[in-house]
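# Remarks on the overall topology
The residues making up each chain are set out below.
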Amino acid sequence: MTIVFFVLAFVAVGCAISMLITRNAVYSALFLVLNFATVAILYLILGAPFIALSQITVYAGSVIVLFLFVVMLLGAERLPGGEPLRWQRFVAMALGLVLAVNLGWSVIQRAGDLGVITAPEKGFGAPVEVGRVLFTQYVLPIQIVAFILLVAVVGAVVLARSEEISRRRELYRKPEAKE
């Protein structure tokens, strides 16, 4: 089981890195789908089938399809790649170094605390319990996220539509009006 975990972890990290360095937005979204599927398999290994199913249906199914729809609607897969700002590389390297030091410190600090992991109680992670928690404690955050996603999609459609209308007006102007 350890070998399967490390293979899946390697695939997940590889997909995440590929998603970040790929310049094509569609390929980046496809790497993200593969990453979500790998994480769902890791959830299955941990004995959480409901979370794995939610991972596939919500993230890989809904969010990525929505993302691909907006990318293709805006035509972002054809945008030329710009040169990043010089300061961004230094900030990214500094933050990556801080993250690596933090990870190393956490591993060193908790190396002696490793022990036997106890099994969760019966019913932990069951759909009924997850639903009860989501619809009692987390109703407002879920509605806020749904509203933000809806506003983002409507905004993308409005922006794409206004650009399309202005481009069509420019194409169909009469030749004498251009002079």
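The model shown is predicted, which means the values in this text are computed figures rather than measured ones.

## Let's talk about the overall build of the chain
- The helix and strand tally for the chain stands at 7 helices and 0 strands.
- When the helices and strands of the chain are listed from N to C terminus, the series reads α-α-α-α-α-α-α.
- The buried share of the chain, taken over its 179 residues, is 13%.
- Long-range pairs, those at least 24 residues apart, make up 56% of the contacts in the chain between residues at least 6 apart in sequence.
- Surface exposure of the chain reaches about 14600 Å², of which carbon and sulfur atoms provide 72%.

## Some words on the packing of aromatic side chains
- Within this structure, the stated rule accounts for 2 aromatic pairs.
- For the pair Phe5 and Phe6, a centre-to-centre distance of 5.4 Å together with 70° between the ring planes defines the contact as edge-to-face.
- Since its relative accessible area comes to 39%, Phe5 is described here as partly exposed.
- According to the relative accessible area criterion, Phe6 is exposed, its value standing at 53%.
- When the centroid spacing of 5.3 Å and the interplanar angle of 40° are considered together, the rings of Phe36 and Tyr59 count as tilted. Within this pair, whereas Phe36 is found in helix H2 (residues 25-45), its partner Tyr59 is found in helix H3 (residues 49-74), the two being separated by 23 residues in sequence.
- For Phe36, a relative accessible area of 15% corresponds to the buried category.

## What about helix H4 (residues 86-109)?
- Counted at 1.5 Å a residue, the expected span for H4 with its 24 residues is 34 Å, and the 35 Å between its end C-alpha atoms agrees.
- For H4, the buried fraction is low: 0 of the 24 residues fall into the buried class.

## Digging into the confidence of the model for the chain
- Per-residue confidence for the chain averages 81 on the pLDDT scale, and 88% of its residues sit at or above 70.
- Of all secondary-structure elements in the chain, the lowest mean pLDDT belongs to helix H7 (residues 175-178), at 54, while helix H1 (residues 2-21) reaches the highest, 91.

## Focus: the side chain of Ser28
- Within the fold, Ser28 resides in helix H2.
- A distance of 2.9 Å separates a polar atom in the side chain of Ser28 from the backbone oxygen of Met19.
- Among all residues touching Ser28, those that are not within four sequence positions of it are Met19 and Thr22.

## Here's the deal with the side chain of Asn35
- Within the fold, Asn35 resides in helix H2.
- Judged by its relative accessible area of 12%, Asn35 is buried.
- Those residues in contact with Asn35 that sit more than four places away from it in its chain are Ala12, Cys15 and Ala16.

## Observations concerning the nonpolar core
- Judged by nonpolar contacts, Ala25, Val26, Ala29, Phe36, Ala60, Ile64, Leu68 and Val71 together constitute the single largest core of 8 residues.
- Sorting the residues of this core by element identifies H2 and H3 as the ones contributing at least two each.
- Among residues more than four places away in sequence, those in contact with Ala25 are Phe67 and Val71.

## A few points about the packing of H1 against H2
- Where H1 meets H2, the axes come as close as 8 Å, and the angle between the chain directions of the two elements is 155°. Comparing their axes, H2 and H1 come out roughly antiparallel. Judged by the sense of rotation from one axis to the other, the crossing of H1 with H2 is left-handed. Taken together, the residues of H2 that come into contact with H1 (itself represented by Val4, Phe5, Leu8, Val11, Ala12, Cys15, Ala16, Ser18 and Met19) are Ser28, Phe31, Leu32, Leu34, Asn35, Thr38, Ile41, Leu42 and Ile45.
- Classifying every residue of the contact of H1 with H2 by side-chain character gives 14 nonpolar, 4 polar and no charged.

About the thresholds
Residues numbered from 1 in each chain as written. Predicted model: local features only at pLDDT ≥ 70, side-chain atom pairs only at ≥ 80, totals over all residues. Heavy atoms only, no water. Helix = DSSP H or I, 4+ residues; strand = E, 2+ residues; numbered from the N terminus. Buried < 20%, exposed > 50% of the residue type's maximum accessible area, 1.4 Å probe, protein only. Contact = heavy atoms within 4.5 Å. Areas by Shrake-Rupley, 256 points an atom, 1.4 Å probe, with all protein chains shown as cover. Phe/Tyr/Trp six-rings, centres within 6.5 Å; stacked < 30°, edge-to-face > 60°. Expected span 1.5 Å × (residues − 1). pLDDT = per-residue confidence, 0-100. Polar contact = N/O pair within 3.5 Å; in protein donor to acceptor, adjacent residues only side chain to side chain. Core = buried A, V, L, I, M, F, W, Y, C linked by side-chain atoms within 4.5 Å. Axes fitted to C-alpha atoms, helices over the stretch in contact; angles between N-to-C directions. Parallel < 35°, antiparallel > 145°, perpendicular 65-115°, else oblique. Left-handed = near helix turned anticlockwise from the far one by under 90°. Nonpolar A, V, L, I, M, F, W, Y, C, P; charged D, E, K, R; others polar.

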